[in-house]
There are 2 protein chains.
Amino acid sequence: MADKALKIARAGNGRRPVLLAIAGDSAAGKTTLTEGLVKALGQDRCVSICVDDYHRYDREERKELPFTALHPDCNYIDIMEQHLQLLATGQPILKPAYDHATGKLARPQLVAPNDFVIVEGLLPLYTKLSRACFDVTVYLNPPEVVRRNWKIQRDMGKRGYSEEQVNAELERREPESEEFIRPQAKYADIVVRFSPIAGRDDPPDTPLSAELMLRPTIQHPDLNGVLVPTLHQAVHLKLERDSDGRPVDTLHVHGYAPPEESQTVEKAIWSLLGEPGDAPKSLGQLGPDKRSEPLAITQLLLLYHLLDNHQ
Amino acid sequence: MADKALKIARAGNGRRPVLLAIAGDSAAGKTTLTEGLVKALGQDRCVSICVDDYHRYDREERKELPFTALHPDCNYIDIMEQHLQLLATGQPILKPAYDHATGKLARPQLVAPNDFVIVEGLLPLYTKLSRACFDVTVYLNPPEVVRRNWKIQRDMGKRGYSEEQVNAELERREPESEEFIRPQAKYADIVVRFSPIAGRDDPPDTPLSAELMLRPTIQHPDLNGVLVPTLHQAVHLKLERDSDGRPVDTLHVHGYAPPEESQTVEKAIWSLLGEPGDAPKSLGQLGPDKRSEPLAITQLLLLYHLLDNHQ
């Protein structure tokens, strides 16, 4: 029971780093979510790693293989587990590095954990032992149509693929997404779904709304001061059951709400954190001058959990 | 006291791999010694790693730095310690890789420990915690003139340097050899010195003799059956003091002895091991058709310790 031993070891020492997992399929928004958190906490307190760096084969080698990069067998899962345990117990790692631009495995990088470690990627919640390393776990679950759009935009823009190539790759990966990636959602303390709201006719630049499934597997902040009738357009909470029938609260954060109302919600959550000053400007950023209040509110909730576990 | 905890953990489980360290300066003969042992045990039972792969900087980056690759600060010593601990407790590692041909840091390699792990390199005995990972430790200590010749031959032949470049590099490295490499000799259970014997006028193709300082820090084999007067020309033992004044036995193995006599010694040591058949042909090999009986006898002694620790 290595995972049990690890949980006990971690519980016994409050000064060990707080680990947050952000799992999700390719182009589900993991990096955007992570970057805002790292900037908000500062690089002197927070480091992020991507566990897709644990790819066992480079792009050329994968061409000969009967599976895609999503398959656990295509990754050094045992070494990922080992490195997560090391980080969780405050030790440095020499992390492998996969270069998305060239598709090659490059020289490894030293990662020394500080107060907070954010671990994003395709498979951080795949094994029991890897899950035991985290204080908080998130799964990003946008509707497929949204994720496909994001993937096409990114892979055409930053990685030099054609739209056809991206679509073919999505098809090829679908069986492994279903088998290995999406099942991780059930282990997440928080499942986040950025999505337009069905049936509404919002203008095209309306930010996506967010649904945050808050599982009672961790202690969520007391949002009573936030969920007041005057802010109902921006956020509200619904008691529901998840797809396994387990009780969950779902926080609905509306992209169409007036920004001032959403920002009042953000201030209220920020004040719960007991941190000085205003909420960091990096929260909610989608680009140099593009903001999303639902993203900011999501990041604030994660920030709450990071700081709460650190205290 | 991480090293103490590790020693206790290792002592408690006899099925964990046996770790042998072979430390020494550049071109001291580490790889030649190691290769014969790996071949003798078989790659299914024995894996070897070189801890020079833990270089922190590539050749290009080192040009800007005030130290050479020999300096501990030029290496991920803490990660080397961590990986040695993992191997010593039977866990796999993703080992960094330094490419001597290009001088670049390359993609890391998975190393799964099996029965025996041989760890060679410049600094495997540099820290207390790294030393605690080993069952047997060896330091290779040829006279500087011998080592310089070996280094010139190898670096000109395999690594494309000129003799001038090799000599300049040796000069540049000398202060760090003195400060960091040679002091490791005092932590070795066995210090091996391949050298011609002063004052003798042997033909030029006479194999080098070997002096093996056998420290009482480990239990050496009972050589009474080997050290008989009829084999005195091949091997004999002297009770001496090392440079720190500590008592040691020194086994003198003579390169000028008739090969038949040395081979009788080898058979006698092999029979001590309780292994079936004859001693493996890989022992004593210096090249495709070049043999050294003193090398074979040295390797047999190390083989004895590896197998003895495994039982």
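The structure displayed is predicted, hence computed values, not measured ones. (Residues numbered from 1 in each chain as written. Chains lettered and ligands numbered in written order. Predicted model: local features only at pLDDT ≥ 70, side-chain atom pairs only at ≥ 80, totals over all residues.)

Looking at this structure, I do not really get the interface of chain B and chain A. What am I missing?
Interfaces are frequently sized by the accessible area removed from exposure as the parts join. At the junction of the two partners, chain B supplies 13 residues and chain A supplies 13 residues. Secondary-structure elements contributing two or more residues to the side of chain B that touches chain A are α4 (77-88), β3 (93-99) and β4 (104-111) of chain B. The residue inventory of the side of chain B that touches chain A, partitioned by class, reads 9 nonpolar, 2 polar and 2 charged. (Contact = placed C-beta atoms within 7 Å. Helix = DSSP H or I, 4+ residues; strand = E, 2+ residues; numbered from the N terminus. Nonpolar A, V, L, I, M, F, W, Y, C, P; charged D, E, K, R; others polar.)

How do you make sense of the sheet that holds strand β6 (residues 136-140) of chain B when you look at a structure like this?
Working definition: the strands of a sheet are paired by backbone hydrogen bonds and lie parallel or antiparallel to each other. Residue and element names in this part refer to chain B. Spatially, β2-β5-β1-β6-β7-β8-β10-β9 is the arrangement adopted by the 8 strands of the open sheet, whose pairing is mixed. Edge positions in the sheet fall to β2 (46-50) and β9 (235-241), since each has one partner strand and no second. Each strand of the sheet is rotated relative to its neighbour by a mean of 20 degrees, with strand direction disregarded. Sheet topology places β9 next to strand β10 (residues 247-253); 7 bridges connect them, and they run antiparallel. What sits directly across from Leu239, in β10, is Asp249. The sheet strands contacting helix α2 (residues 30-41) are β1 (18-24), β2, β5 (116-121) and β6, and the helix crosses β5 at an angle near 170 degrees. (Pairing = 2+ DSSP bridges. Axes fitted to C-alpha atoms, helices over the stretch in contact; angles between N-to-C directions.)

How do you make sense of the relation of the copies chain B and chain A when you look at a structure like this?
Look at the two chain copies: a rotation about an axis and a shift along it is all it takes to match them. Rotating chain B by 180 degrees about the axis while translating it 0.0 Å along that axis superimposes it on chain A, leaving an RMSD of 0.0 Å. Here the two chains are linked by the operation of a two-fold rotation axis. Within chain B, the C-alpha atom positioned nearest to the axis of rotation is that of Arg107 of chain B, 2.7 Å from it. A share of 100% of the interface residues of chain B reappears at the interface of chain A, consistent with the copies meeting face to face through the same patch. (Least-squares fit on C-alpha atoms with pLDDT ≥ 70 in both.)

In this structure, what is going on with the domain arrangement of chain A? I would like to understand it.
Residue and element names in this part refer to chain A. Taken domain by domain, chain A consists of domain 1 (1-152) and domain 2 (189-311). Look at where the C-alpha atoms of domain 1 and domain 2 centre, and you get two points 23 Å apart. Listed by contribution, the elements that provide at least two residues to the side of domain 1 that touches domain 2 are β1 (18-24), α2 (30-41) and β6 (136-140). If you tally residues by element for the side of domain 1 that touches domain 2, the top one is α2, at 6 residues. Split by residue class, the side of domain 1 that touches domain 2 holds 13 nonpolar, 5 polar and 3 charged. (Domains from an automatic or database assignment.)

When you look at α2 of chain B in this model, what are you seeing that I'm missing?
Because an α-helix completes one turn every 3.6 residues, residues spaced three or four positions apart along the sequence face the same direction. All names here are of chain B. When the terminal C-alpha atoms of α2 are compared, their 17 Å separation across 12 residues agrees well with the 16 Å that a helix rising 1.5 Å per residue should span. Among the residues of α2, those classed as buried are Lys30, Leu33, Thr34, Gly36, Leu37, Ala40 and Leu41. Projection of α2 onto a plane perpendicular to its axis shows the buried side chains occupying an angular sector of 160 degrees, all on one side. Buried residues along α2 sit against β1, β2, β5, β6, β11 (285-287) and α9 (293-310). Remark: Gly42 follows α2 within two positions and exhibits a positive phi of approximately 95 degrees. (Expected span 1.5 Å × (residues − 1). Buried ≥ 20, exposed ≤ 12 C-beta atoms within 10 Å, placed from the backbone. Arc of directions from axis to C-beta.)

I tried to follow helix α8 (residues 259-273) of chain A on my own but got confused; where do I start?
Residues and elements named next belong to chain A. Compared with the 21 Å implied by 1.5 Å per residue over 15 residues, the 21 Å span of α8 between its first and last C-alpha is a close match. Taken together, the buried positions of α8 are occupied by Ser262, Val265, Glu266 and Ile269. Viewed end-on, α8 has its buried residues packed into an arc of 100 degrees, placing them on one side of the element. More than 90 degrees from the buried face of α8, the exposed residues found are Glu260 and Ser271. Looking at the buried positions of α8, the neighbouring elements they touch are β9 (235-241) and α9 (293-310). One or two residues past the end of α8 sits Gly274, with phi positive at roughly 70 degrees.

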